[in-house]
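Secondary and tertiary structure notes
Given next are the chains, with one letter for each unit.
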Amino acid sequence: DTGAQRFAGLDYEPMMDVSDDPVRTRVNKFRVETEDGKHRFGIRGRLMTDYAFVQDPFTSTDDEDADDGDLARYGTIIRRARLGALGVMYDNWEWQLEVDFRDDEVRFANAYMAYLFDNGRLAVGHFKEPFSLESSTSSRRISFIERAAPVDAYRPSRQIGLMYETLVPDYYAAIGAFGGDGVARDRDVTEGYSLAARASFAPVFDAEQDLWSHLGVSANYRANAYEWDRSGGDQKEYESVRMRTRLGTRAVDGRMIGENDMENVKDFTTVALEGGFGVGPFSVQGEYIRQDLNRDSNSDGFDGEPGDDVTSMTSEGYYVQTSYFLTGETRNYRPFSGDFGATRIQSPLSAGGRGAWEVLARFATADSYEHHNREDRQKLDHYTLGLNWYPEDDIVLKLNVMYVDAQRGEDGFGDGRKDWDSMVYAARFQFEF
Amino acid sequence: DTGAQRFAGLDYEPMMDVSDDPVRTRVNKFRVETEDGKHRFGIRGRLMTDYAFVQDPFTSTDDEDADDGDLARYGTIIRRARLGALGVMYDNWEWQLEVDFRDDEVRFANAYMAYLFDNGRLAVGHFKEPFSLESSTSSRRISFIERAAPVDAYRPSRQIGLMYETLVPDYYAAIGAFGGDGVARDRDVTEGYSLAARASFAPVFDAEQDLWSHLGVSANYRANAYEWDRSGGDQKEYESVRMRTRLGTRAVDGRMIGENDMENVKDFTTVALEGGFGVGPFSVQGEYIRQDLNRDSNSDGFDGEPGDDVTSMTSEGYYVQTSYFLTGETRNYRPFSGDFGATRIQSPLSAGGRGAWEVLARFATADSYEHHNREDRQKLDHYTLGLNWYPEDDIVLKLNVMYVDAQRGEDGFGDGRKDWDSMVYAARFQFEF
Amino acid sequence: DTGAQRFAGLDYEPMMDVSDDPVRTRVNKFRVETEDGKHRFGIRGRLMTDYAFVQDPFTSTDDEDADDGDLARYGTIIRRARLGALGVMYDNWEWQLEVDFRDDEVRFANAYMAYLFDNGRLAVGHFKEPFSLESSTSSRRISFIERAAPVDAYRPSRQIGLMYETLVPDYYAAIGAFGGDGVARDRDVTEGYSLAARASFAPVFDAEQDLWSHLGVSANYRANAYEWDRSGGDQKEYESVRMRTRLGTRAVDGRMIGENDMENVKDFTTVALEGGFGVGPFSVQGEYIRQDLNRDSNSDGFDGEPGDDVTSMTSEGYYVQTSYFLTGETRNYRPFSGDFGATRIQSPLSAGGRGAWEVLARFATADSYEHHNREDRQKLDHYTLGLNWYPEDDIVLKLNVMYVDAQRGEDGFGDGRKDWDSMVYAARFQFEF
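Because the structure is predicted, anything quoted here is derived from the model rather than measured.

Comments concerning the interface of chain B and chain A
A common measure of how large an interface is: the accessible area buried when the components associate. Each side of the interface is counted separately: chain B has 72 residues, and chain A has 62 residues. The contact between chain B and chain A buries some 5700 Å² in all, and 62% of this surface belongs to carbon and sulfur atoms. Of all residues in chain B, the largest losses of buried area upon contact with chain A belong to Val 27, Arg 40 and Tyr 74 of chain B, amounting jointly to 12% of the total for that side. Among the ionic pairs, Glu 13 of chain A bridges to Arg 140 of chain B, the shortest N-O distance being 3.1 Å. In this assembly, chain B and chain A are joined by ten residue pairs in polar contact (both at pLDDT 80 or more). Those elements that place two or more of their residues in the side of chain B that touches chain A are strand 1 (23-26), strand 2 (31-34), strand 3 (40-55), strand 4 (74-89), strand 18 (332-334), strand 21 (378-392) and strand 23 (419-432) of chain B. Examining the composition of the side of chain B that touches chain A, we find that nine residues originate from one element, strand 4 of chain B, more than from any other. The residue makeup of the side of chain B that touches chain A, split by class, is 27 nonpolar, eleven polar and 34 charged.

Considerations on the domain arrangement of chain A
Residue and element names in this part refer to chain A. As assigned here, chain A comprises domain 1 (1-37) and domain 2 (38-432). Centre-to-centre separation of domain 1 and domain 2, based on C-alpha positions: 40 Å. Taken together, the contact between domain 1 and domain 2 spans nine residues of the former and eleven residues of the latter. Three residues, Lys 29, Phe 30 and Arg 31, lead the burial of domain 1 against domain 2; their summed loss comes to 47% of the area buried on that side. Viewed at the interface, domain 2 and domain 1 are joined by three salt bridges. Note that Arg 40 is salt-bridged to Glu 33, the shortest N-O span being 2.8 Å. Scanning the region where domain 1 abuts domain 2 turns up eight residue pairs in polar contact (both at pLDDT 80 or more). Looking at side-chain class alone, the side of domain 1 that touches domain 2 contains two nonpolar, three polar and four charged residues.

Some thoughts on the relation of the copies chain B and chain A
For the pair of chain copies, the relating transformation is a rotation about an axis with a translation along it. Superposing chain B onto chain A takes a rotation of 120° combined with a translation of 0.0 Å along the rotation axis, leaving an RMSD of 0.0 Å. Expressed as an axis order, the relation between the two copies is that of a three-fold axis. Taking C-alpha positions as reference, the residue of chain B nearest the rotation axis is Val 106 of chain B, located at 4.3 Å. Comparing contact sets, just 11% of the residues at the interface of chain B also lie at the interface in chain A, consistent with a heterologous contact between different surfaces.

Side note on the interface of chain B and chain C
Facing 62 residues of chain B, the contacting portion of chain C comprises 72 residues. Counting each side, the surface lost to burial between chain B and chain C is near 5700 Å², with a carbon and sulfur contribution of 62%. Looking at the side of chain B facing chain C, the largest losses of area belong to Val 18, Tyr 90 and Arg 187 of chain B, adding up to 14% of the total buried there. Summed over the shared surface of chain B and chain C, the number is three salt bridges. Counting across the interface, chain B meets chain C through ten residue pairs in polar contact (both at pLDDT 80 or more). Looking at the side of chain B that touches chain C, the elements that each hand over two or more residues are helix 1 (3-6), strand 2, strand 3, strand 4, strand 5 (93-100), strand 6 (107-116), strand 7 (120-128) and strand 13 (226-229) of chain B. Classifying every residue of the side of chain B that touches chain C by side-chain character gives 35 nonpolar, 13 polar and 14 charged.

Some thoughts on the packing of aromatic side chains
Evaluation of the coordinates by the stated rule reveals 73 aromatic pairs over all chains. Where Tyr 333 of chain B meets Phe 340 of chain B, the ring centres are 5.8 Å apart and the plane angle is 65°; that geometry is what we call edge-to-face. Across this residue pair, the class does not change: Tyr 333 of chain B and Phe 340 of chain B are buried. A ring pair is formed by Phe 127 of chain C and Phe 178 of chain C, whose centres lie 5.6 Å apart and whose planes are at 75°; its orientation type is edge-to-face. Highlighted residues: Phe 127 of chain C in strand 7 (residues 120-128) and Phe 178 of chain C in strand 9 (residues 171-178), separated in sequence by 51 residues. Note on accessibility: Phe 127 of chain C and Phe 178 of chain C belong to one class, buried. Lys 236 of chain C extends its terminal NZ or CZ atom over the ring of Tyr 226 of chain C, reaching a point 4.3 Å from the ring centre.

Remarks on the pairing of strand 1 (residues 23-26) of chain A
All names here are of chain A. Note that strand 1 and strand 2 (residues 31-34) share four bridges and pair antiparallel. In the strand pairing of strand 2, Arg 26 is matched with Arg 31. The hairpin formed by strand 1 and strand 2 contains four residues between the paired strands, and Lys 29 there has a positive phi angle of roughly 55°.

Section: the relation of the copies chain B and chain C
At an RMSD of 0.0 Å, chain B and chain C line up after a rotation of 120° and a shift of 0.0 Å along the axis. Mapped onto chain C, only 13% of the interface residues of chain B are again interface residues, and the two copies thus contact each other with different surfaces.

What counts as what
Residues numbered from 1 in each chain as written. Chains lettered and ligands numbered in written order. Predicted model: local features only at pLDDT ≥ 70, side-chain atom pairs only at ≥ 80, totals over all residues. Heavy atoms only, no water. Contact = heavy atoms within 4.5 Å. Buried area = accessible area lost by both parts, 1.4 Å probe. Salt bridge = Lys/Arg side-chain N within 4 Å of Asp/Glu carboxyl O. Polar contact = N/O pair within 3.5 Å; in protein donor to acceptor, adjacent residues only side chain to side chain. Helix = DSSP H or I, 4+ residues; strand = E, 2+ residues; numbered from the N terminus. Nonpolar A, V, L, I, M, F, W, Y, C, P; charged D, E, K, R; others polar. Domains from an automatic or database assignment. Least-squares fit on C-alpha atoms with pLDDT ≥ 70 in both. Phe/Tyr/Trp six-rings, centres within 6.5 Å; stacked < 30°, edge-to-face > 60°. Buried < 20%, exposed > 50% of the residue type's maximum accessible area, 1.4 Å probe, protein only. Lys NZ or Arg CZ within 6 Å of the ring centre and 35° of its normal. Pairing = 2+ DSSP bridges.

In structure tokens, the structure reads:
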């Protein structure tokens, strides 16, 4: 007798009836679907292995003691290792449960269920707050090893929340409410919340001509997490706010923006203006991001002297990047989600070809020079040249050569130096399944 | 040539022969089974996303400083995110390997192999100690957002152990021996052990009439973990014993029972008396739980003054809860395992229906007022009204409105107050696959 | 309409086309393969549950305070719980992503992609450095509960790196370069690197006669991780080097070798000489391992007095083990990878047989008596008798009875004793899927 029959009278879960659905199966990017399309199941993951080397050929600058010691000279890391399941149940209920194992820690990536309407979806769970062209694009699809400095520094994290977004061909709009950050295990903290919205459309789009364009705007208001300070009366003690970006790689951990947290922040609003254009193998994209932070002068630890302790600060930045596929491919811009999907390789290695080759350049700048502590202010100009090789769909080798030009306030980089500039060489090998 | 043939002479694992079993496949709750039923494989998981809001409208009470600061006003958490594999090998070897990613930490849920006999199973690995109707019921199947306070506080955790349990239609009996708790990485600790047993049957059961009943008893003896205290001679130093329950939600972390651990505990015995009854859409269930703790007056840190430091303590509690399906469903009581399985929805959304609607009420009380430290004793009365919506099988939205009435010893809740009462509003969205 | 058709114009990932590959499926050890063999996907895992009991019947010795307190008397652990996916894409790209959940922590096991050439593979990612017969053999396939003491103590860990290895029938050769250890989150540490090579062949091999032999050699050079010590000038501060082995079980954590780390180590070279021979149910294997460590006399914390602080040290050890299958099986030696694969059971339980029964004996010795700190030197002789029962392929129950005879320098085991000997009883139940 079969397993299902063996303890059949007992409703014993390990022996649950398997029922023999007629199915379609896809092996690469494993998916199984019932023939009526009402149920789907899949396993997916990604692995990104990075190496970086930091060189400082400029004897007139000081790269020592970027923190309280030297930076590492080189490093290897598993930047992202994600494993998860996804599916659709009962025709309209789409879900993911994906875990991120980078850095020896465990975090959630996507962990949600969404109800699919005819022209949109309502999601509840843990996912990205809708914000920015580059932030919305999956880490599997971004052009460089890391996202541009201002996006990396100022974008919101994934959070637990509720979001409605459109699923229509020509434009994208999303609105959501999200819970808060920095709460891990501190039971006294009220975790803050955010309201987030993003909208974009393609002024020009012609898939047959390989022509696309993108205009978008994102806005995000976040009320900061806090706990009440009992000893000091009814004052709130806010969680530190950390807006951080590094050298354009995580394999060496040099914190160029956000080395020092911002304190007493009550709330902050972040906006992004997004643009992009592509024709055939050529594309350009850019974004301007601005973050206005309000500090609570009644909060615990606030100085109280207006001259010494500012009540508002602005950080901002922008980037422009361009890409050219030497082998003729086109970036896969998707108007329905306002982001980029996978580029399909014209002549993969497995078909006897040379894969796709892409050359890239980017300038990015991030400015957190308005810091409540003058000693902790920071600025970064970041120049990157890139070369990507896609031997097959789903496999990429990236090389980035970067020049990093950073400035700090009185606190400096050590030995009294306030300027730091250096070459950074980084490589990534990534695949997805 | 196929992969299997390519390095065939080499027994190279990634190219292991796939062998083309004739299979049955189920997509929703992914399972694959060989046609002879001897081998099965599946992937399963669950995701529970919670939100809670704590209100204190009672100006005569003090909800400040329930710990050393205020509680959070609200919170969002991923309460359980589990992902794992399960299967059957060689007809009789059933296994699971399931990981729990809640709270940014990783724990094991079920991780075991069991040999299936004709009328029972012998399991070795990590799984629940057999105890209590509500504890034995999967978190996917419990009626409220959290288990009743005395079950949550006093029930044993999952442990590594050995267990035999019956697999027969009409009753359930289990006996097991388990290793210990609180050993993580402390190499000097001898981890304790437990002996656990549970038995239940259905005095009245008629599936066709939607009529069920449950009577059960559980008992658990645990010898506490300890290390030898060399400096103090041959005395044992016992691990702290933590019997904790919160506000009826984990999204705000208010520790109503078990705020303070019990020290010098040598061993403890926990018993549960279980009862339940259901007819059609109506059901009621309840349990009484009692825990007797013995303290070792020769152990390190014990006061030695009999008047100051008691040698035995009793905690106890009970709950009664009732449920009514407005849409006519019946709770899926399973006499063979003495717990509840999934309720099957009569008119799901995907079939044009409204899903299942269930209204619930519960009273629970837990009493840890016998504490060796008079200042740390605690009591809790917990009232809950609930509404559950099951749009489909495997998907539930829960709303719980709770009134919490707690008392403490001299240590109090801050400002000298020994009473705390508050409204708590909690919501959960959960799905399983 | 099917899911794939529903949002077809939108390239919406959750509704990605499933495409209906013609497939082969294997249920036990779940694998799916396209009929042309170009794509494969699988899920795999292992679970090892251990119990150990430590007895000290020798009143003339002192087993107290092996650390700063007594060892635990007994313990239960999940020694390895691994879950992961693996596959082949586009015919030539083989990959794994496997996570290890032992000890409540998360680590990576294999996480790589390799390109398959006709006679070899080039891998990038996280995997074992090629070293030693016993280290190269999967933990699922080793004979005893733990690897022999000198292998366990001196072998390299898995690292991020690049490796080429042969895939030919008669011999094995591998060469690789790897990044470093001990970097977790310390941003100032430059992580070190290693160069690793291994080669082996079978002087005599006749599969039909169940006759095999193995000769191999491994060598590994590792430059140690360091950070610059700014306050002390240009001196490097090296990471501590930990070469550790325990009692032959991890369920009780007694550190017999490597209780104390080695400091100021600049680099070290480890070599292994490997041999093995088997005929029918009988086999013997053994290895000699030697590790030469160089210390940097200019590094931070180095004493500077040549008599007090040595500049080089050697650790070494060897083991010999033998096995006999009472039920006639043969160890599955694989010349193409220079390691052992799964032994195939002749008469499994599910076919009405008694499974396979194997008796084993091992002597292992490890000597870290050359320690820069005379008080911290350590030696270990480790004797093991073993009994393995394989009821089915992929399921093993192991029993090990061990006698441990250890010595330490002035620091001792407590109460001034420098000798420690004890019986250790350990059991494991493991399965893989």
